[in-house]
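# Per-entry structural report
One-letter residues, chain by chain:
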Amino acid sequence: MIDGLSGAVFYKISLFGTPVELIVIWMAAPMLFLTVYFGFINLRSFKLAGRILKGQYRDDNAPGEVTQFQALSTALSGTVGLGNIAGVAIAIAMGGPGAAFWMTVIGFFAMTLKFAECTLGVKYRKHHEDGTVSGGPMYYLGRGLAARGWKKTGVVLAWSYALFAIPSLLQIAQVNQSYSQFSAVTGIDAPWLFGIVLAGLVAVVIVGGISKIASVTVKLVPLMAALYIGAALFIILSNAAQIPDALALIIREAWKPEAGIGAIIGAFVWGMRRAVYSTEAGLGSATIAHAAAKTREPVSEGMVALLEPFIDTVVISSMTALVIVVTGAWQVEGLTDIQMTSWAFNSVIDGFDMVLAVAVVLFAYSTIISWGYYSSKIWAFVFGSSRTSNTLFKVVYVVALIPGGVFTVSQVFDIMDSFFFLMAVPNIIGIYLMAGELKRDIKSYHARLESGEIKRADQMVETPAQ
């Protein structure tokens, strides 16, 4: 069943005489197109995004549930983690060091796609009487296209997205790779017990909703990221003399003309598959978290969101790749998943595999609870938000985590990649249809910033939330 699903989603066409997965082209095209169409907003708005994140334009009376920083932290907790630790290793194992180069390149262009979808997520979110909000592709595809007179198209795309996204509540990849590292360092062979314990810990948090999740992730994510980045920097600096050769190897392996166009495409494909999992750009999932941000300006939240792919893929994934290459871990036979990363760190920092095991479990935990929030919104869209439906979702979500450690690495990522790429199909169609609207919104936002109509936090007069 898994092979059949993967074979259908990753259907191949011939490009320059080489088989290429059509869905990979589908994901790459909007990243390139929107980056050019929006005038490289991922570069031009980088400093402004930082100022927004610092709270210079913060409006505590704006509609929403969490601050823009908390929204970013929640979204990052769904992306920063095993995609950067295990995902990079898997990409290198399957596509060689060159796949890491393509992950970085794709992460750069993914910033624009993330901006587009998160801006729409805030613009077309649904406000409830109790002050909570619901957002995501299910809403901006339906509401956004209806506003343009394409109501039926919007309904089809919104429901297609929701139905494709329902299976994404199976967060087995997080359980699988955290168990792999835990088992390797402790010698404990108990995948079912590990799944039960982790599922129980997740159940405690997802009962609390977005505010509870944000309060947890805003503390966990910076701490874990600092720990991991600090260790990676130490290894990279300890091997500073080897950095030029490592970078040259990564770039050479990404192109390697002597191996032919097929080898280049192979590296690119694996870079794209792991970059999509790492950044989640195009999947629309992060828009659910960003839709909860307290802001009256959708474009401002889109700018905050574009920092995600930069942090999780351009920076953290690239550091992981360098650590793997400079330590020679990618050449060690038999290492095909997170164990490659663990070996790389442990070869320089003795005993770090234990620290990494703790970090990996925490990364997995924060990602799972963030996806619990995402999945709950999708579930509510499809099945309603009654108390019975909400309780049933939580039971299904938690129980589905338990067998994660039993699957093989290839099975886990074939399942998750297939569902993730399916989610991107209706989402990207909708973004294409609303690209012109987004461009006008960007122009309007910058004009109002320059005129002073949009005021800084220290200039605001308190107004009631709308």
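Here, every reference points to the structure presented above.
Residues numbered from 1 in each chain as written. Predicted model: local features only at pLDDT ≥ 70, side-chain atom pairs only at ≥ 80, totals over all residues. Heavy atoms only, no water.

### What to know about the overall build of the protein
The cut-off we apply is this: Where helices and strands are cited, they refer to DSSP runs of H or I of at least four residues and of E of at least two residues respectively, numbered from the N terminus. Under the scheme applied here, a residue whose accessible area is under 20% of the maximum for its type counts as buried, over 50% as exposed, and between as partly exposed, the area being computed with a 1.4 Å probe on protein chains only. Residue contacts are defined here by distance: any two heavy atoms, one from each residue, within 4.5 Å place the two residues in contact. For the accessible areas, the method is Shrake-Rupley and the probe is 1.4 Å, while residue cover comes only from the protein chains on display.
The helix and strand inventory of the protein stands at 22 helices and 4 strands. Residues classed as buried in the protein amount to 58% of the 466 residues present. Taking as baseline every contact in the protein between residues at least 6 positions apart, the subset at least 24 positions apart corresponds to 83%. Surface accessibility of the protein: about 18,200 Å² in total, with carbon and sulfur atoms responsible for 65%.

### Let's talk about the packing of helix 2 (residues 22–37) against helix 21 (residues 409–433)
Selection rule: Axis lines are fitted through C-alpha atoms, for helices just across the contact stretch, and the angle between N-to-C directions can take any value from 0 to 180 degrees. Rotating anticlockwise by less than a right angle from the far helix to the near helix defines a left-handed crossing, while the corresponding clockwise rotation defines a right-handed one. Think of it as three bins: nonpolar holds Ala, Val, Leu, Ile, Met, Phe, Trp, Tyr, Cys and Pro, charged holds Asp, Glu, Lys and Arg, and polar takes everything else, Gly as well.
Direction vectors running N to C along helix 2 and helix 21 enclose 35 degrees, while the axes themselves pass 10 Å from each other. Two packed elements cross with a definite hand, and for helix 2 against helix 21 that hand is left-handed. Packed against helix 2, whose contacting residues are Ile23, Trp26, Met27, Ala29, Pro30, Phe33 and Leu34, the element helix 21 presents Phe421, Ala424, Val425, Ile428, Ile429, Ile431 and Tyr432 at the interface. Tallied by class, the residues present in the contact of helix 2 with helix 21 amount to 14 nonpolar, no polar and no charged.

### Points about the packing of aromatic side chains
To keep things clear, this is the line we draw: Under the pairing criterion, centres of Phe, Tyr and Trp rings, with the six-membered ring standing for Trp, must be within 6.5 Å; the plane angle then separates stacked pairs below 30 degrees from edge-to-face pairs above 60, leaving the rest tilted. By definition, being over a ring means that NZ of Lys or CZ of Arg is both within 6 Å of the ring centre and within 35 degrees of the ring normal.
For the structure shown, the criterion picks out 17 aromatic pairs. Relative to Phe38, the ring of Tyr37 has its centre 5.6 Å away and its plane inclined at 45 degrees; by these criteria the two rings are tilted. Taken together, the ring pairs in this structure connect Trp26, Phe33, Tyr37, Phe38, Phe115 and Tyr432 into an aromatic cluster. Above the plane of the ring of Tyr37 lies Lys439, whose end atom (NZ or CZ) is 4.2 Å from the centre.

### A word on helix 13 (residues 243–255)
Here is the rule: By this rule the span expected of a helix is its residue count minus one, scaled by 1.5 Å. Taking the helix axis as origin, the arc is that swept by the directions to the C-beta atoms.
The end-to-end C-alpha separation of helix 13 is 19 Å, in line with the 18 Å expected for 13 residues at 1.5 Å each. Listed in full, the buried residues belonging to helix 13 are Ile243, Ala246, Leu249, Ile250, Glu253 and Ala254. Down the axis of helix 13, the sector holding all buried residues measures 130 degrees, keeping them to one side. Facing away from the buried side of helix 13, by more than 90 degrees, are the exposed residues Pro244 and Asp245.

### With respect to the packing of helix 6 (residues 82–95) against helix 17 (residues 307–326)
Put simply, the rule is: Each angle receives one of four descriptions, namely roughly parallel if under 35 degrees, roughly antiparallel if over 145, roughly perpendicular if within 65 to 115, and oblique otherwise.
Direction vectors running N to C along helix 6 and helix 17 enclose 55 degrees, while the axes themselves pass 9 Å from each other. Judged on the interaxial angle alone, helix 17 and helix 6 are oblique. The hand of the helix 6/helix 17 crossing is right-handed. Listed contacts from helix 17 to Gly83, Asn84, Ile85, Val88, Ala89 and Ile92 of helix 6 are Asp312, Thr313, Ile316, Ser317, Thr320, Ala321 and Ile324. When grouped by side-chain class, the residues that make up the contact of helix 6 with helix 17 number 7 nonpolar, 5 polar and 1 charged.

### Observations regarding a nonpolar patch on the surface
Spelled out, the test is: Think of a patch as exposed residues, more than 30% relative accessible area, with no salt bridge, where like charges cluster within 9 Å and nonpolar side chains (Val, Leu, Ile, Met, Phe, Trp, Tyr) cluster within 5 Å. Within this document, salt bridges are pairs made up of a side-chain nitrogen of Lys or Arg and a carboxyl oxygen of Asp or Glu, the two lying within 4 Å of each other.
A cluster of nonpolar side chains, Tyr11, Ile13, Leu22 and Ile25, forms an exposed patch at the surface whose accessible area comes to about 350 Å². When you line up the elements, Tyr11 lands in the loop between helix 1 (2–9) and strand 1 (12–15). Classification of Tyr11 by relative accessible area gives exposed; the value is 52%.

### A word on the pattern of salt bridges
Inspection of the entire model under this criterion finds 5 salt bridges. The partner of Lys114 in a salt bridge is Glu308, and the shortest N-O contact between them spans 2.8 Å. Of the two residues, Lys114 is situated in helix 7 (residues 98–123) and Glu308 in helix 17; the sequence distance between them amounts to 194 residues. The residues Lys114 and Glu308 share a single accessibility class, namely buried. Here Lys123 and Asp441 are joined by a salt bridge, their closest N and O atoms 2.8 Å apart. Here Lys123, found in helix 7, pairs with Asp441, found in helix 22 (residues 435–451); they are 318 residues apart in sequence, far enough to count as distant. Of the residues examined, Lys123 reaches a relative accessible area of 30% and is grouped as partly exposed.

### Some details on the environment of Gly436
Mapped onto the fold, Gly436 is located in helix 22. When its relative accessible area of 23% is taken as the criterion, Gly436 is described as partly exposed. Residues Gly436 and Tyr37, 399 residues apart in the sequence, show an inter-C-alpha distance of 9.1 Å.

### Some points on the environment of Leu53
Within the secondary structure, Leu53 is located in helix 4 (residues 46–53). Sequence separation of Leu53 and Gln68 is 15 residues, and the distance between their C-alpha atoms is 6.5 Å. With near-sequence residues (within four places) excluded, Leu53 lies in contact with Gln68, Phe69, Leu72, Val304 and Leu307.

### Some thoughts on helix 11 (residues 191–206)
In this model helix 11 runs 22 Å from its N-terminal to its C-terminal C-alpha over 16 residues, within 8% of the 22 Å that 1.5 Å per residue would give. Of the residues making up helix 11, those classed as buried are Pro191, Phe194, Gly195, Leu198, Ala199, Val202, Val205 and Ile206. Taken end-on, helix 11 shows its buried residues confined to a sector of 125 degrees, consistent with a single buried face. Exposed positions of helix 11 whose direction lies more than 90 degrees from the buried face are Leu193 and Val204.

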